[in-house]
Amino acid sequence: MKTPVSALPFAITLACSVTAISAPVYASLNEKLSSAIKQSAVSAQFRYRLEHVEQENALDDAIASTLRSRLTVNTGKFDNFSAMVQLDNVSVLGNDNYNSTYNGKTNYSLVADPKGTDINQALLSYQNKQGTSFSAGRQLVNHANQRFLGGVGWRQNEQTLDGYRLQQSAGSTLTLEIGHYYNVNRIFGPKGAAADQHGSFNTLTAHWQASTGHKFLVFAYDFEFDNWASRSSRTLGIDYQGKLTALPQLSWHLSLAQQDDAHNASQAFSHNYHRFSFSWTLDNLTLQAGQERLAGDGQSAFQTPLATLHAFSGFADMFLNTPDNGLRDNWLEAKTKLNGVALSLAYHRFDSDLGSAKYGDEWNASAGYNLNSQLSGMLKLAHYNADSFAVDTTKVWLMLVYQL
């Protein structure tokens, strides 16, 4: 259909007006896009680890030689929006003489570092000057000391969550966070039945910096697992960290929580949790003593299935699942730095919460050194002496990390 001649002047005027209005808009958008591209960053990290596991049982000793290659792309901000994509590849260097949970080599001791390529993170974020932050997609979520929710960064395949996260700051002392996640990408991935846990995972936290050296965290976790009903639960708690900055520096940490069955839980339960520790620092020496209790009643116990478990109850990972009689972990730890080498030594005594069973004890040691701004190394070991739980276990790690 042809445009009537009488309408041409109007059409031309309208087109010129739109062009005149749109030109500045296009220029602004182009400028913002150009700025976002210029602010974008690409980084790479290579983490090699040699892990040896020896246990007093019928399993063959495990030797896992793995390399994690990570590529991360972060875009600049475009109208307060930004994006991030992170790709991981875990390769086995040499023979895979270990049980990765997926390679079928169940005659070897367990080292939960299966090979494969996966998208570790992929998310869209929004952040404004009013303290509002929102992210959607696959993301790393670390809460406080990661006792209840964390990324398990020690393992080659990190734990990330698929879902949504909203944070709001009220001034400089208070931050609220709400999260809803529908899938957990576990360390046993990227393939296999244990690679994912589907369900509905809701989190609520409030951080309050009461004063210098004193901070509080109130938290609530509502976990519903589709295929892991024994871990469906509701956990409420409070965490307090304080310190005195005078020399010698004293600091302390207290955490209390209660966990109850929820949703499709396979049995009814109600368990308590506490953790307290005291640290003393003078010059470059820090001494710490503490206790952690996860209650149990003989039928079930307090569990933290989405925690960074390697950071708790000893490096040997003997208590990834809390025994039904519960767990009491009493520990002593010393840390120092000599000639640039970070050294640590810790002793753990593990006992049941119900009754008086002595599970065992464990020694942990580590040495870390930054060769330069890009390359660092670590040597780490754990030795668990069994009394009534599991078997004697020795683990040794050598790790090198190179950051581009």
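Scroll up a little and you will see the structure.
Bear in mind the structure is a predicted one, so any value in this text is a computation, not a measurement.

How each quantity is defined
Residues numbered from 1 in each chain as written. Predicted model: local features only at pLDDT ≥ 70, side-chain atom pairs only at ≥ 80, totals over all residues. Heavy atoms only, no water. Core = buried A, V, L, I, M, F, W, Y, C linked by side-chain atoms within 4.5 Å. Buried < 20%, exposed > 50% of the residue type's maximum accessible area, 1.4 Å probe, protein only. Helix = DSSP H or I, 4+ residues; strand = E, 2+ residues; numbered from the N terminus. Contact = heavy atoms within 4.5 Å. 1 Å grid on protein atoms, 1.4 Å probe; cavity = no way out; pocket = protein on both sides within 12 Å on 5 of 7 lines; lining within 4 Å. Points joined across faces, edges and corners; volume = space filled by probe spheres on them. Nonpolar A, V, L, I, M, F, W, Y, C, P; charged D, E, K, R; others polar. Salt bridge = Lys/Arg side-chain N within 4 Å of Asp/Glu carboxyl O.

Trainee: Honestly, the nonpolar core in this entry has me stumped. Any pointers?
Mentor: If you look at soluble globular proteins, the nonpolar side chains tend to sit buried side by side. One finds Phe148, Phe201, Leu306, Phe319 and Tyr384 to be the most contacted residues of the largest nonpolar core, which totals 30 residues. Looking at this core, the elements that each hand over two or more residues are strand 7 (174-185), strand 9 (214-225), strand 17 (375-386) and strand 18 (393-403). Beyond its immediate stretch of four places on either side in the chain, Phe319 contacts Ser313, Leu327, Phe350, Tyr359, Tyr384 and Phe389.

Trainee: Looking at this model, I keep getting lost on the layout of surface pockets. Mind explaining?
Mentor: Over the atoms, a rolled probe matching the size of one water molecule traces out where space is still vacant. In this structure, the largest pocket spans a volume of roughly 1,100 Å³. Residue lining of the largest pocket: 42 residues in total, with Arg275, Gln288, Ala311, Glu333 and Lys335 positioned closest to the centre. Tallied by class, the residues present in the lining of the largest pocket amount to 10 nonpolar, 25 polar and seven charged. Size it by volume and the second largest pocket reaches roughly 630 Å³. When residues of the lining of the second largest pocket are traced back to their parent elements, those giving at least two are strand 1 (41-55) and strand 18.

Trainee: Even after reading the chapter, I still don't get the pattern of salt bridges, so can you show me in this structure?
Mentor: Evaluation of the coordinates by the stated rule reveals 16 salt bridges. Residue Arg155 pairs with Asp113 through a salt bridge whose shortest N-O separation is 2.8 Å. Here Arg155, found in the loop between strand 5 (132-139) and strand 6 (160-170), pairs with Asp113, found in the loop between strand 3 (81-92) and strand 4 (116-127); they are 42 residues apart in sequence, far enough to count as distant. Considered together, Arg155 and Asp113 belong to a single accessibility category, that of buried residues. Of the charged contacts in the structure, one is a salt bridge between Glu292 and Arg147, with a shortest N-O distance of 2.8 Å. Taken together, the positions of Glu292 in strand 13 (residues 285-294) and Arg147 in the loop between strand 5 and strand 6 put the pair 145 residues apart, joining distant regions of the chain. When sorted by exposure, Glu292 lands in the same class as Arg147, which is buried. Several salt bridges share partner residues, and in doing so they unite Arg49, Glu51, Asp113 and Arg155 into one network.

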